[in-house]
Amino acid sequence: MRPYDHPSRALLHEEVHARPPIPLWPNERVISQSFLLEAATRQQQIAWVQKLSLALGCTPSRDDHSFMTLHLAPEPERVLVKWELHGEFATIAVIVHNKTKVKEPLLKSRLEIERDLDLLFKGLGCPAISESGGQRISALDLVFEHHPLFSEAQEVSEIFSGNTVLGSYIFSSKKAQLWTDLQLDEDGFISFFIPHDVLGSRQLGRIARAIAEAETYRMVAMVSFPVAKSLSLPLREAESELAALSEKISQLQGESGVNTEKDGIFLEELSRLASRIEQWISGYGLRFTASEAYSQLLSKNLIGLNESSIPGVQTLSEFMDRRFQPAMGTCIWTQRRLKELSDRISRTTQTLRTRIEFVNEEQTQKLLASMDQRARLQLRLQETVESLSVLVL
(Lines give C-alpha, C1' and ligand atoms only; values in the text may rest on other atoms or scores of the structure.)
Protein backbone atom coordinates (compact mmCIF):
# COMPACT_ATOMS: atom_id res chain seq x y z
CA MET A 1 0.00 0.00 0.00
CA ARG A 2 1.08 3.57 -0.63
CA PRO A 3 1.20 6.41 1.91
CA TYR A 4 -1.56 8.26 0.07
CA ASP A 5 -4.01 5.32 0.27
CA HIS A 6 -7.09 5.73 2.41
CA PRO A 7 -6.37 4.29 5.89
CA SER A 8 -9.33 1.90 5.62
CA ARG A 9 -8.77 0.88 2.00
CA ALA A 10 -7.42 -2.61 2.75
CA LEU A 11 -10.17 -3.31 5.28
CA LEU A 12 -12.88 -2.14 2.90
CA HIS A 13 -11.41 -4.15 0.04
CA GLU A 14 -11.19 -7.36 2.05
CA GLU A 15 -14.90 -7.17 2.88
CA VAL A 16 -15.71 -8.67 -0.55
CA HIS A 17 -13.62 -11.70 0.44
CA ALA A 18 -15.12 -12.05 3.92
CA ARG A 19 -16.75 -15.32 4.98
CA PRO A 20 -15.80 -17.40 1.90
CA PRO A 21 -17.55 -20.73 1.34
CA ILE A 22 -15.60 -23.83 2.39
CA PRO A 23 -14.74 -26.07 -0.60
CA LEU A 24 -16.36 -29.49 -0.14
CA TRP A 25 -15.41 -32.96 -1.27
CA PRO A 26 -17.95 -34.95 -3.37
CA ASN A 27 -19.27 -36.93 -0.37
CA GLU A 28 -19.44 -34.67 2.65
CA ARG A 29 -21.98 -33.63 5.21
CA VAL A 30 -22.62 -30.14 6.59
CA ILE A 31 -24.40 -29.86 9.94
CA SER A 32 -25.21 -26.19 10.38
CA GLN A 33 -26.87 -24.50 13.37
CA SER A 34 -27.63 -20.83 14.02
CA PHE A 35 -28.18 -19.22 17.42
CA LEU A 36 -29.94 -15.96 18.21
CA LEU A 37 -27.79 -13.84 20.50
CA GLU A 38 -28.15 -11.15 23.12
CA ALA A 39 -25.31 -9.13 24.63
CA ALA A 40 -24.33 -11.83 27.16
CA THR A 41 -24.67 -14.82 24.82
CA ARG A 42 -22.77 -12.96 22.11
CA GLN A 43 -19.77 -12.75 24.41
CA GLN A 44 -20.32 -16.39 25.33
CA GLN A 45 -20.11 -17.37 21.64
CA ILE A 46 -16.90 -15.41 21.18
CA ALA A 47 -15.39 -16.97 24.31
CA TRP A 48 -16.43 -20.45 23.09
CA VAL A 49 -14.74 -20.17 19.70
CA GLN A 50 -11.63 -18.55 21.20
CA LYS A 51 -11.31 -21.38 23.71
CA LEU A 52 -11.70 -23.94 20.92
CA SER A 53 -9.12 -22.24 18.71
CA LEU A 54 -6.60 -22.04 21.56
CA ALA A 55 -7.18 -25.74 22.35
CA LEU A 56 -6.32 -26.52 18.72
CA GLY A 57 -3.22 -24.36 18.86
CA CYS A 58 -4.62 -21.62 16.63
CA THR A 59 -4.21 -17.91 17.30
CA PRO A 60 -7.47 -15.96 16.87
CA SER A 61 -7.31 -13.26 14.20
CA ARG A 62 -6.94 -9.74 15.54
CA ASP A 63 -8.52 -8.19 12.43
CA ASP A 64 -11.66 -10.28 12.02
CA HIS A 65 -13.57 -11.55 15.04
CA SER A 66 -16.59 -12.64 13.00
CA PHE A 67 -15.31 -15.64 11.02
CA MET A 68 -13.15 -18.63 11.85
CA THR A 69 -12.43 -22.04 10.32
CA LEU A 70 -10.96 -24.70 12.63
CA HIS A 71 -9.67 -28.19 11.80
CA LEU A 72 -10.70 -30.75 14.43
CA ALA A 73 -9.43 -33.78 12.45
CA PRO A 74 -7.05 -34.05 9.47
CA GLU A 75 -7.52 -35.57 6.02
CA PRO A 76 -8.69 -37.90 4.61
CA GLU A 77 -11.67 -37.92 7.01
CA ARG A 78 -11.47 -34.30 7.96
CA VAL A 79 -13.67 -32.56 10.52
CA LEU A 80 -14.01 -28.79 10.11
CA VAL A 81 -15.83 -26.24 12.23
CA LYS A 82 -16.85 -22.99 10.53
CA TRP A 83 -17.97 -20.24 12.91
CA GLU A 84 -19.61 -17.00 11.74
CA LEU A 85 -20.79 -14.10 13.87
CA HIS A 86 -23.49 -11.83 12.45
CA GLY A 87 -25.40 -8.88 13.85
CA GLU A 88 -27.89 -10.82 15.97
CA PHE A 89 -26.99 -14.47 15.42
CA ALA A 90 -24.03 -16.81 15.11
CA THR A 91 -23.75 -19.84 12.82
CA ILE A 92 -21.70 -22.95 13.60
CA ALA A 93 -21.28 -25.44 10.77
CA VAL A 94 -19.51 -28.78 11.12
CA ILE A 95 -18.22 -30.44 7.95
CA VAL A 96 -17.55 -34.19 8.10
CA HIS A 97 -16.93 -36.98 5.63
CA ASN A 98 -20.06 -38.91 4.72
CA LYS A 99 -18.95 -42.53 5.14
CA THR A 100 -21.98 -44.40 3.79
CA LYS A 101 -24.51 -43.93 1.02
CA VAL A 102 -27.77 -42.36 2.13
CA LYS A 103 -30.66 -44.84 2.07
CA GLU A 104 -32.70 -43.89 5.15
CA PRO A 105 -33.64 -40.81 7.23
CA LEU A 106 -30.62 -38.84 8.37
CA LEU A 107 -31.52 -38.68 12.07
CA LYS A 108 -29.82 -41.90 13.18
CA SER A 109 -26.50 -41.26 11.44
CA ARG A 110 -26.49 -37.62 12.53
CA LEU A 111 -26.93 -38.56 16.18
CA GLU A 112 -23.85 -40.78 15.84
CA ILE A 113 -21.92 -37.88 14.31
CA GLU A 114 -23.04 -35.58 17.13
CA ARG A 115 -21.86 -38.08 19.74
CA ASP A 116 -18.46 -38.30 18.05
CA LEU A 117 -18.27 -34.49 17.94
CA ASP A 118 -19.12 -34.21 21.63
CA LEU A 119 -16.25 -36.59 22.40
CA LEU A 120 -13.90 -34.49 20.26
CA PHE A 121 -14.90 -31.30 22.08
CA LYS A 122 -14.63 -33.03 25.44
CA GLY A 123 -11.14 -34.24 24.57
CA LEU A 124 -10.17 -30.65 23.80
CA GLY A 125 -11.65 -29.45 27.08
CA CYS A 126 -14.30 -27.37 25.30
CA PRO A 127 -18.10 -27.28 25.67
CA ALA A 128 -20.24 -28.87 22.97
CA ILE A 129 -21.90 -26.76 20.28
CA SER A 130 -25.19 -26.92 22.18
CA GLU A 131 -23.46 -25.04 25.02
CA SER A 132 -21.81 -22.38 22.83
CA GLY A 133 -24.42 -19.74 23.75
CA GLY A 134 -27.70 -18.38 22.43
CA GLN A 135 -31.02 -19.89 21.43
CA ARG A 136 -31.04 -22.13 18.37
CA ILE A 137 -33.15 -20.63 15.59
CA SER A 138 -32.24 -22.95 12.71
CA ALA A 139 -30.57 -26.33 12.20
CA LEU A 140 -29.82 -28.05 8.89
CA ASP A 141 -28.30 -31.35 7.88
CA LEU A 142 -26.98 -31.19 4.30
CA VAL A 143 -25.72 -34.38 2.70
CA PHE A 144 -23.72 -34.13 -0.53
CA GLU A 145 -23.34 -37.36 -2.43
CA HIS A 146 -21.82 -38.26 -5.79
CA HIS A 147 -24.86 -40.11 -7.12
CA PRO A 148 -26.85 -40.39 -10.36
CA LEU A 149 -29.61 -37.79 -10.41
CA PHE A 150 -33.19 -38.82 -9.70
CA SER A 151 -36.08 -38.47 -12.11
CA GLU A 152 -38.98 -38.38 -9.61
CA ALA A 153 -39.68 -37.70 -5.95
CA GLN A 154 -40.65 -41.29 -5.18
CA GLU A 155 -37.02 -42.36 -5.50
CA VAL A 156 -35.95 -40.25 -2.48
CA SER A 157 -39.08 -40.67 -0.34
CA GLU A 158 -37.42 -43.18 2.03
CA ILE A 159 -34.77 -40.61 2.98
CA PHE A 160 -37.54 -38.27 4.14
CA SER A 161 -39.75 -40.84 5.90
CA GLY A 162 -42.34 -40.76 3.13
CA ASN A 163 -43.06 -37.02 3.58
CA THR A 164 -43.94 -34.79 0.67
CA VAL A 165 -40.68 -33.47 -0.73
CA LEU A 166 -39.51 -30.40 -2.56
CA GLY A 167 -36.95 -30.84 -5.30
CA SER A 168 -35.18 -29.15 -8.18
CA TYR A 169 -32.14 -29.08 -10.39
CA ILE A 170 -29.69 -26.43 -9.22
CA PHE A 171 -27.27 -24.32 -11.23
CA SER A 172 -27.59 -23.91 -14.97
CA SER A 173 -25.55 -27.05 -15.64
CA LYS A 174 -28.28 -29.19 -13.97
CA LYS A 175 -25.58 -31.49 -12.63
CA ALA A 176 -26.96 -31.39 -9.10
CA GLN A 177 -30.33 -31.68 -7.39
CA LEU A 178 -31.77 -30.36 -4.15
CA TRP A 179 -34.22 -32.50 -2.16
CA THR A 180 -35.87 -31.69 1.18
CA ASP A 181 -39.14 -32.16 3.02
CA LEU A 182 -38.56 -28.94 4.99
CA GLN A 183 -39.77 -30.73 8.13
CA LEU A 184 -38.21 -30.68 11.60
CA ASP A 185 -37.13 -34.11 12.82
CA GLU A 186 -36.95 -35.24 16.46
CA ASP A 187 -33.60 -33.52 16.90
CA GLY A 188 -34.88 -30.21 15.47
CA PHE A 189 -33.02 -30.47 12.15
CA ILE A 190 -34.21 -30.06 8.55
CA SER A 191 -32.68 -32.60 6.18
CA PHE A 192 -31.37 -31.71 2.71
CA PHE A 193 -30.05 -34.26 0.22
CA ILE A 194 -27.92 -32.98 -2.66
CA PRO A 195 -26.97 -35.67 -5.19
CA HIS A 196 -24.60 -34.39 -7.88
CA ASP A 197 -22.66 -35.45 -10.93
CA VAL A 198 -19.14 -34.42 -9.87
CA LEU A 199 -19.52 -30.72 -9.23
CA GLY A 200 -16.45 -28.68 -8.34
CA SER A 201 -15.56 -28.37 -4.67
CA ARG A 202 -16.17 -24.62 -4.64
CA GLN A 203 -19.55 -25.07 -6.32
CA LEU A 204 -20.54 -27.52 -3.60
CA GLY A 205 -19.37 -25.02 -0.99
CA ARG A 206 -21.49 -22.28 -2.54
CA ILE A 207 -24.53 -24.57 -2.54
CA ALA A 208 -24.04 -25.35 1.16
CA ARG A 209 -23.65 -21.69 2.04
CA ALA A 210 -26.68 -20.60 0.01
CA ILE A 211 -28.98 -23.22 1.55
CA ALA A 212 -27.75 -22.64 5.11
CA GLU A 213 -28.03 -18.85 4.82
CA ALA A 214 -31.46 -19.07 3.18
CA GLU A 215 -32.85 -21.19 6.01
CA THR A 216 -31.28 -19.01 8.71
CA TYR A 217 -32.57 -15.81 7.10
CA ARG A 218 -36.02 -17.37 6.74
CA MET A 219 -36.22 -18.23 10.43
CA VAL A 220 -34.78 -14.94 11.71
CA ALA A 221 -37.18 -13.05 9.44
CA MET A 222 -40.10 -15.06 10.80
CA VAL A 223 -39.39 -13.89 14.37
CA SER A 224 -41.50 -10.80 13.69
CA PHE A 225 -44.48 -12.74 12.29
CA PRO A 226 -46.10 -13.61 15.68
CA VAL A 227 -45.67 -9.94 16.65
CA ALA A 228 -47.45 -8.82 13.48
CA LYS A 229 -50.31 -11.22 14.15
CA SER A 230 -50.63 -10.08 17.77
CA LEU A 231 -50.85 -6.43 16.66
CA SER A 232 -53.62 -7.04 14.12
CA LEU A 233 -56.56 -6.57 16.51
CA PRO A 234 -55.03 -3.74 18.61
CA LEU A 235 -54.19 -1.86 15.41
CA ARG A 236 -57.72 -2.26 14.12
CA GLU A 237 -59.08 -0.94 17.42
CA ALA A 238 -56.67 2.00 17.37
CA GLU A 239 -57.67 2.84 13.78
CA SER A 240 -61.36 2.76 14.73
CA GLU A 241 -60.68 4.92 17.78
CA LEU A 242 -58.86 7.49 15.65
CA ALA A 243 -61.67 7.49 13.06
CA ALA A 244 -64.25 8.16 15.79
CA LEU A 245 -62.13 10.98 17.25
CA SER A 246 -61.64 12.54 13.81
CA GLU A 247 -65.40 12.54 13.24
CA LYS A 248 -66.06 14.23 16.61
CA ILE A 249 -63.39 16.86 15.90
CA SER A 250 -64.94 17.47 12.47
CA GLN A 251 -68.34 18.04 14.06
CA LEU A 252 -66.73 20.41 16.57
CA GLN A 253 -65.34 22.49 13.73
CA GLY A 254 -68.86 23.51 12.81
CA GLU A 255 -69.60 24.90 16.26
CA SER A 256 -69.04 28.58 16.94
CA GLY A 257 -66.78 29.62 19.77
CA VAL A 258 -64.54 27.35 21.73
CA ASN A 259 -65.40 24.46 23.97
CA THR A 260 -62.40 24.21 26.24
CA GLU A 261 -63.60 21.05 27.94
CA LYS A 262 -64.18 19.11 24.71
CA ASP A 263 -60.94 20.30 23.13
CA GLY A 264 -59.01 19.25 26.22
CA ILE A 265 -60.63 15.80 26.21
CA PHE A 266 -59.86 15.29 22.51
CA LEU A 267 -56.25 16.35 22.95
CA GLU A 268 -55.84 13.98 25.89
CA GLU A 269 -57.31 11.05 23.91
CA LEU A 270 -55.12 11.80 20.89
CA SER A 271 -52.04 12.06 23.11
CA ARG A 272 -52.83 8.73 24.75
CA LEU A 273 -53.39 7.07 21.36
CA ALA A 274 -50.17 8.55 19.95
CA SER A 275 -48.23 7.29 22.97
CA ARG A 276 -49.55 3.77 22.46
CA ILE A 277 -48.62 3.75 18.73
CA GLU A 278 -45.15 5.15 19.36
CA GLN A 279 -44.60 2.46 21.98
CA TRP A 280 -45.38 -0.20 19.36
CA ILE A 281 -43.13 1.47 16.79
CA SER A 282 -40.26 1.76 19.28
CA GLY A 283 -40.70 -1.84 20.44
CA TYR A 284 -41.25 -3.59 17.10
CA GLY A 285 -40.28 -1.22 14.28
CA LEU A 286 -36.65 -2.34 14.13
CA ARG A 287 -37.72 -5.99 14.19
CA PHE A 288 -40.02 -5.47 11.18
CA THR A 289 -37.27 -3.61 9.29
CA ALA A 290 -34.80 -6.43 9.98
CA SER A 291 -37.31 -9.03 8.79
CA GLU A 292 -37.74 -7.22 5.50
CA ALA A 293 -33.96 -7.13 5.01
CA TYR A 294 -33.61 -10.84 5.87
CA SER A 295 -36.42 -11.65 3.45
CA GLN A 296 -34.51 -9.93 0.65
CA LEU A 297 -31.34 -11.85 1.53
CA LEU A 298 -33.30 -15.11 1.46
CA SER A 299 -34.56 -14.30 -2.03
CA LYS A 300 -31.03 -13.54 -3.24
CA ASN A 301 -29.74 -16.88 -1.96
CA LEU A 302 -32.57 -18.78 -3.65
CA ILE A 303 -31.94 -16.91 -6.90
CA GLY A 304 -28.27 -17.87 -6.59
CA LEU A 305 -29.22 -21.57 -6.60
CA ASN A 306 -30.77 -21.04 -10.04
CA GLU A 307 -33.39 -23.75 -9.51
CA SER A 308 -35.13 -25.45 -12.43
CA SER A 309 -38.09 -27.73 -11.92
CA ILE A 310 -38.28 -31.51 -11.89
CA PRO A 311 -41.58 -32.64 -13.48
CA GLY A 312 -44.28 -33.00 -10.85
CA VAL A 313 -42.15 -31.62 -7.97
CA GLN A 314 -42.42 -28.19 -6.35
CA THR A 315 -39.17 -26.26 -6.08
CA LEU A 316 -37.92 -24.65 -2.89
CA SER A 317 -38.31 -21.18 -4.44
CA GLU A 318 -41.93 -21.86 -5.40
CA PHE A 319 -42.68 -23.12 -1.91
CA MET A 320 -41.19 -19.98 -0.34
CA ASP A 321 -43.16 -17.75 -2.70
CA ARG A 322 -46.41 -19.41 -1.67
CA ARG A 323 -45.82 -19.95 2.06
CA PHE A 324 -43.10 -17.60 3.29
CA GLN A 325 -43.73 -14.41 1.32
CA PRO A 326 -47.35 -14.01 2.54
CA ALA A 327 -46.05 -14.08 6.12
CA MET A 328 -43.50 -11.40 5.25
CA GLY A 329 -46.26 -9.44 3.54
CA THR A 330 -48.15 -9.44 6.83
CA CYS A 331 -45.10 -8.04 8.65
CA ILE A 332 -44.47 -5.36 6.01
CA TRP A 333 -48.15 -4.36 6.00
CA THR A 334 -48.19 -4.16 9.81
CA GLN A 335 -45.16 -1.88 9.78
CA ARG A 336 -46.84 0.28 7.14
CA ARG A 337 -50.06 0.47 9.16
CA LEU A 338 -48.12 1.60 12.23
CA LYS A 339 -46.40 4.38 10.30
CA GLU A 340 -49.59 5.52 8.56
CA LEU A 341 -51.53 5.49 11.83
CA SER A 342 -48.82 7.56 13.51
CA ASP A 343 -48.93 10.06 10.64
CA ARG A 344 -52.73 10.29 10.78
CA ILE A 345 -52.64 10.92 14.53
CA SER A 346 -50.09 13.71 13.97
CA ARG A 347 -52.27 15.32 11.30
CA THR A 348 -55.42 15.06 13.43
CA THR A 349 -53.61 16.52 16.45
CA GLN A 350 -52.30 19.37 14.32
CA THR A 351 -55.80 20.05 12.99
CA LEU A 352 -57.20 20.24 16.51
CA ARG A 353 -54.36 22.45 17.72
CA THR A 354 -54.86 24.75 14.72
CA ARG A 355 -58.56 25.09 15.59
CA ILE A 356 -57.74 25.85 19.22
CA GLU A 357 -55.11 28.42 18.21
CA PHE A 358 -57.50 30.05 15.73
CA VAL A 359 -60.30 30.29 18.29
CA ASN A 360 -57.88 31.58 20.92
CA GLU A 361 -56.59 34.19 18.47
CA GLU A 362 -60.15 35.23 17.67
CA GLN A 363 -60.96 35.60 21.37
CA THR A 364 -57.75 37.55 21.91
CA GLN A 365 -58.69 39.94 19.11
CA LYS A 366 -62.13 40.43 20.61
CA LEU A 367 -60.62 41.02 24.05
CA LEU A 368 -58.18 43.58 22.65
CA ALA A 369 -61.01 45.31 20.78
CA SER A 370 -63.07 45.42 23.97
CA MET A 371 -60.15 46.84 25.94
CA ASP A 372 -59.59 49.44 23.24
CA GLN A 373 -63.23 50.47 23.38
CA ARG A 374 -63.12 50.74 27.16
CA ALA A 375 -59.99 52.86 26.92
CA ARG A 376 -61.69 55.22 24.47
CA LEU A 377 -64.76 55.50 26.72
CA GLN A 378 -62.53 56.19 29.71
CA LEU A 379 -60.66 58.86 27.76
CA ARG A 380 -63.93 60.48 26.68
CA LEU A 381 -65.20 60.41 30.25
CA GLN A 382 -61.97 62.01 31.45
CA GLU A 383 -62.26 64.76 28.80
CA THR A 384 -65.87 65.42 29.87
CA VAL A 385 -64.84 65.70 33.53
CA GLU A 386 -62.02 68.09 32.65
CA SER A 387 -64.45 70.26 30.59
CA LEU A 388 -66.91 70.48 33.46
CA SER A 389 -64.12 71.39 35.82
CA VAL A 390 -63.11 74.30 33.57
CA LEU A 391 -66.70 75.54 33.41
CA VAL A 392 -67.02 75.45 37.19
CA LEU A 393 -63.87 77.48 37.62
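The structure displayed is predicted, hence computed values, not measured ones.

Participant: Just give me the short version of a negative patch on the surface, but keep the residues and values in it.
Facilitator: Together, Glu 112, Asp 116, Asp 118 and Glu 131 make up a negatively charged patch on the protein surface. Along the chain, Asp 118 turns up in helix H3 (residues 107-123). Among the residues examined, Asp 118 registers a relative accessible area of 40% and is labelled partly exposed.

Participant: An account of the nonpolar core is requested, with residue identities and associated values reported.
Facilitator: With 60 residues, the main nonpolar core has Phe 144, Phe 192 and Ile 211 as its most contacted residues. Looking at this core, the element that brings in the most residues is helix H6 (residues 260-305), giving 11 residues. Here Ile 211 is in contact with Leu 140, Leu 142, Leu 178, Phe 192, Ile 194 and Leu 305, once residues within four sequence places are set aside. Counting 26 residues, the second largest nonpolar core, distinct from the first, contains Leu 70, Leu 85, Ile 113 and Ala 139.

Participant: Break down the pattern of salt bridges for me, with residues and values.
Facilitator: Across all of its chains, the model carries 14 salt bridges by this definition. As a salt-bridge pair, Arg 29 and Asp 141 come within 2.8 Å of each other at their nearest N and O atoms. Taken together, the positions of Arg 29 in strand E1 (residues 28-36) and Asp 141 in strand E5 (residues 135-146) put the pair 112 residues apart, joining distant regions of the chain. Each of Arg 29, Arg 110, Asp 141, Asp 185 and Asp 187 takes part in salt bridges that share partners, so that together they form one network.

Participant: I'd love a proper account of the sheet that holds strand E2 (residues 67-73), names of residues and values included.
Facilitator: Pairing within the open sheet is mixed, and its nine strands lie in the order E2-E3-E4-E1-E5-E8-E7-E6-E9. Whereas interior strands pair on both sides, the edge strands pair on one side only; in this sheet they are E2 and strand E9 (308-309). Taken together, the five bridges between strand E6 (residues 166-170) and strand E7 (residues 176-184) define a ladder with antiparallel strand orientation. Its bridge partner being in E7, Tyr 169 is matched across the sheet by Gln 177. Sitting on the sheet, H3 touches E1, E2, strand E3 (79-85), strand E4 (89-97), E5 and strand E8 (190-196), and the angle it makes with E1 is about 70°. Sitting on the sheet, helix H4 (residues 201-222) touches E1, E4, E5, E6, E7 and E8, and the angle it makes with E5 is about 155°.

Rules used in this analysis
Residues numbered from 1 in each chain as written. Predicted model: local features only at pLDDT ≥ 70, side-chain atom pairs only at ≥ 80, totals over all residues. Heavy atoms only, no water. Patch = residues over 30% accessible without salt bridge, like charges linked within 9 Å, V, L, I, M, F, W, Y side chains within 5 Å. Areas by Shrake-Rupley, 256 points an atom, 1.4 Å probe, with all protein chains shown as cover. Salt bridge = Lys/Arg side-chain N within 4 Å of Asp/Glu carboxyl O. Lys, Arg positive; Asp, Glu negative; His and termini not counted. Charge placed at Lys NZ, Arg CZ, Asp CG, Glu CD. Helix = DSSP H or I, 4+ residues; strand = E, 2+ residues; numbered from the N terminus. Buried < 20%, exposed > 50% of the residue type's maximum accessible area, 1.4 Å probe, protein only. Core = buried A, V, L, I, M, F, W, Y, C linked by side-chain atoms within 4.5 Å. Contact = heavy atoms within 4.5 Å. Pairing = 2+ DSSP bridges. Axes fitted to C-alpha atoms, helices over the stretch in contact; angles between N-to-C directions.

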